Amino acid sequence: MSRRLQFILAAGLASLLIASPATAQSPVKVVATFSILADLARNVGGDRIAVTSLVAPDGDAHVYAPTPADAKQLSDAQLVLVNGLGFEGWIARLIKASSTKAPTVTASTGVKPLKAADAHGHGESDPHAWQSIANTKTYVGNIRDGLIKADPAGRATYEANATAYLAKLDALETEVKEAIAKIPAERRRIITTHDAFGYFGATYGMTFIAPAGVSTESEASAKDVAKIITQIKKQKIPAVFLENVSDPRLMQQIAKESGARIGGKLYSDALSAPGQQAGTYLDMMRSNVREFSTALVM
Ligand SMILES: [Zn+2]
């Protein structure tokens, strides 16, 4: 092959690469408020988008204090994804302060909200809707539609990615239901540090009891702890669990004094670091169900 022909071929290839939409334009900048939402967006957006999460993996969105860097992220964003249902109490002010022009998509739009338990420091609705996979499918639909609006040229990609991911959620749902069905009904009762599993419990038939008066924001008093221990003994609750966003010491103390088994770590409001046991939404749900099964199946 002559050098000239090689050059022409190379130049042709280069122009082809430049013309293809994935490389021709820089990725759509998407800012999600927390890691679970960011993961869902990555699954729908693929290479067409670049997602950042304001609250990092293992971070607690309830007590998050936004930084000036977050405002800058928002002002550069082309799309902002929030959970809604009062989860991110700090987001409205941050969006205003950033003077971003990006549209905001509320991922939980269309979800039927559960009432928040009294113990939890949110608003009137329980915000942890993603703990029911059926709700997460609604999130994915909202994210897909938001991306199509922000980047109409990517419609085919977003639709195909969303369809593929929804199929994975269907499979996950079957897996979760089968795993919970193996736990004897009378043992499907758990105490967690903050009341984040209401949707999971309502959907899959488990009872989650959050220690009264305990949220990720406040510490339990000695009186609260005594009450919880009595409750565990009286109701014969088999296991207590730790969460990645809450202080583990309280649950360790409660387990020790009540004789309840201490389960593994649960992921409620945030993923783990990428590559660890709950680095994606799919892995997070699998990891939690595995912990329930380990502690509760006899
Ligand atoms: Zn929470």
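What comes next is a walk through the structure. (Residues numbered from 1 in each chain as written. Predicted model: local features only at pLDDT ≥ 70, side-chain atom pairs only at ≥ 80, totals over all residues.)

Attention shifts here to the environment of Ser293. Mapped onto the elements of the fold, Ser293 is located in helix H11 (residues 281-296). By the C-beta count within 10 Å, which is 14 here, Ser293 ends up partly exposed. Along the chain, Ser293 and Lys182 lie 111 residues apart, while their C-alpha atoms are 8.0 Å from each other. Beyond its immediate stretch of four places on either side in the chain, Ser293 contacts Ala179, Lys182 and Ile183. (Helix = DSSP H or I, 4+ residues; strand = E, 2+ residues; numbered from the N terminus. Buried ≥ 20, exposed ≤ 12 C-beta atoms within 10 Å, placed from the backbone. Contact = placed C-beta atoms within 7 Å.)

Strand order in the open sheet formed by four strands is S2-S1-S3-S4, with parallel pairing between adjacent strands. Each having just a single partner strand, strand S2 (49-53) and strand S4 (104-106) make up the two edges of the open sheet. Between one strand axis and the next, the sheet turns by 25° as a mean value, whatever way the strands run. Seen against the sheet, helix H3 (residues 35-45) touches strand S1 (28-32), S2 and strand S3 (79-82) and runs at an angle of roughly 175° to S2. On top of the sheet, helix H6 (residues 133-150) reaches S1, S2, S3 and S4; it is set at about 165° to S3, its chief contact. (Pairing = 2+ DSSP bridges. Axes fitted to C-alpha atoms, helices over the stretch in contact; angles between N-to-C directions.)

Counting 76 residues, the largest nonpolar core has Ala41, Leu81 and Ile143 as the members making the most contacts within it. Among the domains, domain 1 (6-174) and domain 2 (177-296) are the pair contributing at least three residues each to this core. Not counting residues up to four positions away in its chain, the partners in contact with Ile143 are Leu40, Ala41, Val44, Leu81, Val105 and Ala107. (Core = buried A, V, L, I, M, F, W, Y, C linked by C-beta atoms within 7 Å. Domains from an automatic or database assignment.)

Moving on, we get to the pairing of S2. Going residue by residue along S2, you find Ile49, Val51 and Ser53 tucked away on one face and Ala50 and Thr52 left uncovered on the opposite face. Taken together, the five bridges between S1 and S2 define a ladder with parallel strand orientation. Opposite Val31, over in S2, you have Thr52 as the bridge partner. Taking the sense of rotation as the criterion, the β-α-β connection linking S1, H3 and S2 turns out right-handed. (Right-handed = clockwise from strand over helix to strand, strands pointing away.)

Here we take up the packing of helix H7 (residues 155-181) against H11. Relative orientation and spacing of two packed helices are given, respectively, by the angle between their axes and the distance between those axes. Close contact between H7 and H11 brings their axes to 10 Å; oriented N to C, the two are set at 5°. In terms of axis orientation, H7 runs roughly parallel to H11. Across the interface between the two elements, Lys168, Leu172, Val176 and Ala179 of H7 pack against Leu282, Met285, Val289 and Ser293 of H11. Here the residues of the contact of H7 with H11 are counted per class, giving six nonpolar, one polar and one charged. (Parallel < 35°, antiparallel > 145°, perpendicular 65-115°, else oblique. Nonpolar A, V, L, I, M, F, W, Y, C, P; charged D, E, K, R; others polar.)

So, on to the sheet that holds strand S6 (residues 207-209). Pairing is parallel in the open sheet, where four strands are placed in the order S6-S5-S7-S8. The sheet is open, and its two edges are formed by S6 and strand S8 (261-266), each paired on a single side. Averaged over all pairs of adjacent strands, the angle between their axes in this sheet comes to 35°, without regard to strand direction. With two bridges joining them, strand S5 (residues 189-191) and strand S7 (residues 239-243) adopt parallel strand pairing. Within the sheet, the bridge partner assigned to Ile190 lies in S7 and is Ala239.

The two faces of a sheet get side chains in turn, since along a regular strand they alternate between them. Counting buried positions along S7 gives five out of five residues, so the element sits mostly inside the fold. Of the two faces of S7, the one lined by Ala239, Phe241 and Glu243 and the one lined by Val240 and Leu242 are each fully buried. Pairing between S7 and S8: four bridges, direction parallel. When the bridges of S8 are listed, Val240 appears paired with Ile262. What joins S7 to S8 is helix H10 (residues 248-258), and the crossover it makes is right-handed.

All quantities given are derived from atomic positions and should not be read as evidence of function.
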